[in-house]
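# Examination of the molecular architecture
Chain by chain, the residues run as shown.
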Amino acid sequence: MTLENYNELPTEIPVLKEKELIYPFMIIPIFLEKKEDIIAVQKAINDHSLLFVSINDEPGTYGTIGTIIRKVTLPEGRVKILFQGLERGKILEVTDKNPTMAIVDKVTPLNKEAKEVNALLETLKEHILTLSELNPFFPKGFIKIIDTNSDANRIIDIIASSLKLSIEKGYELFKEIDTKERLIKLIHYILEEIESIDFLRFLENGRKIKAVETDFETYSVDIPSDIDKVIKIMK
C-alpha cells in the first residue's frame, strides 16, 4: 500500500495521538481505549482514508502517515488496530476535535548534498560495526540495509527505531528534514551509545572513572565535517 492509493496530500485525515514514535516503515499493533481514539480510527476506516499517528496533535507536529490494515474489537470496549506507516508527515492545521481532524502533508526531505550524504553513510557503517561488536543485540545486518537501500531517510528511520532513544531525542531526529543533519544526529546518538557501553565495561572490570565538571565549552569530533569546525575555531 502506498500514498498514491489515497487522496492527494495535503488532505484532511483523522489524527491519533500515541506515547511512542512510530516510523514510516513499521507495521505495528496499536491498542486503543479512549473513545475519541476509537472514533478517529473508525472514521478513517469508514472514509477509506489515511490516518496520522504522532506524539502530539497540535499544528506543526511531525508524525507518520499510514493506513489501517486490520481492526479487532476487544473485551471491555477496547480496540486493536494493525497500522502500517507509509511516510513522515506534518500537521498543517487542526480542523476539528473529537475526533481530532487535521490537514496533513507529507515531509519532503532535503537531499541537496549527495556526496556528503554518501560520506556520512560510510561513517555510519563504521560506527554500526563498532556498536554491533560491543552490543550483541544491535545487528550487523544494518550494514546490508545501508548497502542495498538508496533511500537515506528510510535507513535513518530503520536504525533509529532500534536505538533506545528518549522521546525527545527520537523526535528531534524524526522531525529533521535535512537528510545530512539527520545522519549527523544519528551518528552522534550511536557514538553516545558506544561511549556508554565503554563506561559500563570499565566499571564491570573494577576500574574507577573520575568525572570533572568544566566551565568551558568543549567540541566533539565525531564525523569528518567536525574537523573543519575545529580548524575554524583554532584560527
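Here the structure is shown first, and the text comes after it.
Residues numbered from 1 in each chain as written. Predicted model: local features only at pLDDT ≥ 70, side-chain atom pairs only at ≥ 80, totals over all residues. Heavy atoms only, no water.

### Topic: the pattern of salt bridges
- Evaluation of the coordinates by the stated rule reveals nine salt bridges.
- Between aspartate 57 and lysine 97 there is a salt bridge whose closest N-O contact spans 3.8 Å. A residue pair is termed long-range when its members are at least 10 positions apart, and aspartate 57 in the loop between strand E3 (51-54) and strand E4 (62-73) and lysine 97 in the loop between strand E5 (79-96) and strand E6 (101-106) qualify at 40 residues.
- Here lysine 97 falls in the partly exposed class, since its relative accessible area comes to 45%.
- Among the ionic pairs, glutamate 192 bridges to lysine 169, the shortest N-O distance being 2.8 Å. Here glutamate 192 is found in helix H6 (residues 179-204), whereas its partner lysine 169 is found in helix H5 (residues 167-175), with 23 residues between them in sequence.
- The network of salt bridges with shared partners includes Glu122, Lys125 and Asp147. (Salt bridge = Lys/Arg side-chain N within 4 Å of Asp/Glu carboxyl O. Helix = DSSP H or I, 4+ residues; strand = E, 2+ residues; numbered from the N terminus. Buried < 20%, exposed > 50% of the residue type's maximum accessible area, 1.4 Å probe, protein only.)

### Side note on the side chain of serine 54
- On the secondary structure map, serine 54 appears in strand E3.
- Relative accessible area serves as the criterion here: at 5%, serine 54 is assigned to the buried category.
- Polar side-chain contacts of serine 54 include one of 2.3 Å to the backbone oxygen of asparagine 56.
- Those residues within four positions of serine 54 in sequence are excluded, and the remaining contacts are Val15, Leu16, Lys17, Glu18, Thr61, Tyr62 and Gly63. (Polar contact = N/O pair within 3.5 Å; in protein donor to acceptor, adjacent residues only side chain to side chain. Contact = heavy atoms within 4.5 Å.)

Just geometry here; none of it tells us what the structure is for.
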